[in-house]
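This is what each chain is made of:
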Amino acid sequence: MTKLRSKLVVGNWKMHGRLAANAALLQGVARGAQALPAGVQVGVCVPFPYLAQAQALLGGSRVAWGAQDVSAHEQGAYTGEIAAGMIVDFEAAYAIVGHSERRAYHAESSEVVAQKALRALTAGLTPIVCVGETLAQRESGETARVVGAQLDAVLAALSEQEAARIVVAYEPVWAIGTGKSATSEQAQEVHAFLRARLAAKGAAVANVPLLYGGSVKPENAAELFRQEDIDGGLIGGASLKEGDFLAICTAAAAGESVAG
Ligand code: 13P
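Worth saying up front: this structure is predicted, and the values here are computed from it rather than measured.

Novice: Report on the site of the ligand, specifying residues and quantitative values.
Specialist: Taken together, the residues surrounding the ligand are Asn 12, Lys 14, His 99, Glu 171, Ala 175, Ile 176, Gly 177, Gly 214, Ser 215, Leu 234, Gly 236 and Gly 237. One nitrogen or oxygen atom from the side chain of Lys 14 is found 2.8 Å from an oxygen atom belonging to the ligand. Grouping the amino acids of the shell around the ligand by side-chain chemistry returns three nonpolar, seven polar and two charged.

Next comes the structure, spelled out in structure tokens:
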């Protein structure tokens, strides 16, 4: 059966923003998103202190909001950690888990990422599970092994029904913040591999949205989003610029894919 897969574009602000500047950006994105076709969903993942601001300014708009991480624990003596339930208190939809910056700078293992994904799901959040290889791993032919293991660790911790509710983002580490995006062929190849891995978990999991992230810009977004297994993007730097982010969302509208 053929069905139309809608597109999802999510901004990851990383550690950027201040109250005053955020307000203009959030309001601008909410306004601009009104013009997008129904087949495009939009979200922004903001730093934790700005979840309340996102809720206030995006509530009732086409734009959902979320966090960039979540604790692997439900609650307790974990100083500085943020529980999934706290994020839900601000009506957030998403929590990014396993971003390569957290894997690299905070030593997060795939097992910890899996626990975070489970916590997010249990609280009612959609985890955006990030996977991706380094340049050295790509050059030594290890891409499939690395991203496969990262995804499998998460799938192993979830039931088929739970796994059907995640979003996966392929973000090659060498393409993040470098201005050097993967080519659409390179990205599609990995996405097709990840799609097969998801499908092996169960039929309900095969159509999980697969986002590409890594130097997505207005200039390369349409070509990436046209690929069969690329269901949208996770956007870093360009999500901080209203015009660029909206242009990427518009490119997603043009690339709505037909899935088998
Ligand atoms: P850039 O779009 O800045 O390369 O960042 C991608 C990313 O890491 C999104 O999570």
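Novice: Tell me what's going on with the packing of helix α10 (residues 218-225) against helix α11 (residues 242-254), and back it up with residues and numbers.
Specialist: Packing of α10 against α11 leaves a shortest axis separation of 8 Å and a crossing angle of 20°. When the interaxial angle is binned, α10 and α11 end up roughly parallel. Between α10 and α11 the crossing geometry is right-handed. Within the contact between the two elements, α10 uses Pro 218, Ala 221, Ala 222 and Phe 225 and α11 uses Asp 244, Ala 247, Ile 248, Ala 251 and Ala 252. Taken together, the residues that form the contact of α10 with α11 break down as eight nonpolar, no polar and one charged.

Novice: Account for the packing of helix α7 (residues 143-157) against helix α9 (residues 184-201), with residues named and values stated.
Specialist: It is at 10 Å that the axes of α7 and α9 come closest, and there the two elements cross at 30°. Both α7 and α9 take part in a crossing whose hand is right-handed. On α9, the residues touching Thr 143, Ala 144, Val 147, Gly 148, Ala 149, Leu 151, Asp 152 and Leu 155 of α7 are Val 190, Phe 193, Leu 194, Arg 197, Leu 198 and Lys 201.

Novice: Would you mind going over the side chain of Asp 231 in detail, with residue names and values included?
Specialist: With respect to the helices and strands, Asp 231 occurs in the loop between α10 and β9 (232-235). In terms of polar contacts, Asp 231 uses its side chain to reach the side chain of Arg 195, at 2.9 Å.

Novice: Which residues make up the pairing of strand β5 (residues 94-97), and what are the values?
Specialist: Consecutive side chains along a regular strand alternate between the two faces of the sheet. Of the two faces of β5, the one lined by Tyr 94 and Ile 96 and the one lined by Ala 95 and Val 97 are each fully buried. Across two bridges, strand β4 (residues 63-67) lies against β5 in parallel orientation. In the strand pairing of β5, Gly 66 is matched with Tyr 94. As defined by bridge partners, β5 adjoins strand β6 (residues 126-131) across four bridges and the pair is classed as parallel. Looking at β6, one finds that Val 97 is bridged to Val 129.

Novice: I'd like a rundown of the nonpolar core, residues and numbers included.
Specialist: Core analysis: the biggest nonpolar cluster contains 66 residues, and Val 44, Tyr 212 and Phe 225 have the highest contact counts within it. Examining the composition of this core, we find that six residues originate from one element, α11, more than from any other. Listed in part, the 11 residues of the second largest apolar core include Cys 45, Tyr 94, Val 167 and Leu 234.

Reading the values: rules and limits
Residues numbered from 1 in each chain as written. Predicted model: local features only at pLDDT ≥ 70, side-chain atom pairs only at ≥ 80, totals over all residues. Heavy atoms only, no water. Near = heavy atom within 4 Å. Polar contact = N/O pair within 3.5 Å; in protein donor to acceptor, adjacent residues only side chain to side chain. Nonpolar A, V, L, I, M, F, W, Y, C, P; charged D, E, K, R; others polar. Axes fitted to C-alpha atoms, helices over the stretch in contact; angles between N-to-C directions. Helix = DSSP H or I, 4+ residues; strand = E, 2+ residues; numbered from the N terminus. Parallel < 35°, antiparallel > 145°, perpendicular 65-115°, else oblique. Left-handed = near helix turned anticlockwise from the far one by under 90°. Contact = heavy atoms within 4.5 Å. Buried < 20%, exposed > 50% of the residue type's maximum accessible area, 1.4 Å probe, protein only. Pairing = 2+ DSSP bridges. Core = buried A, V, L, I, M, F, W, Y, C linked by side-chain atoms within 4.5 Å.

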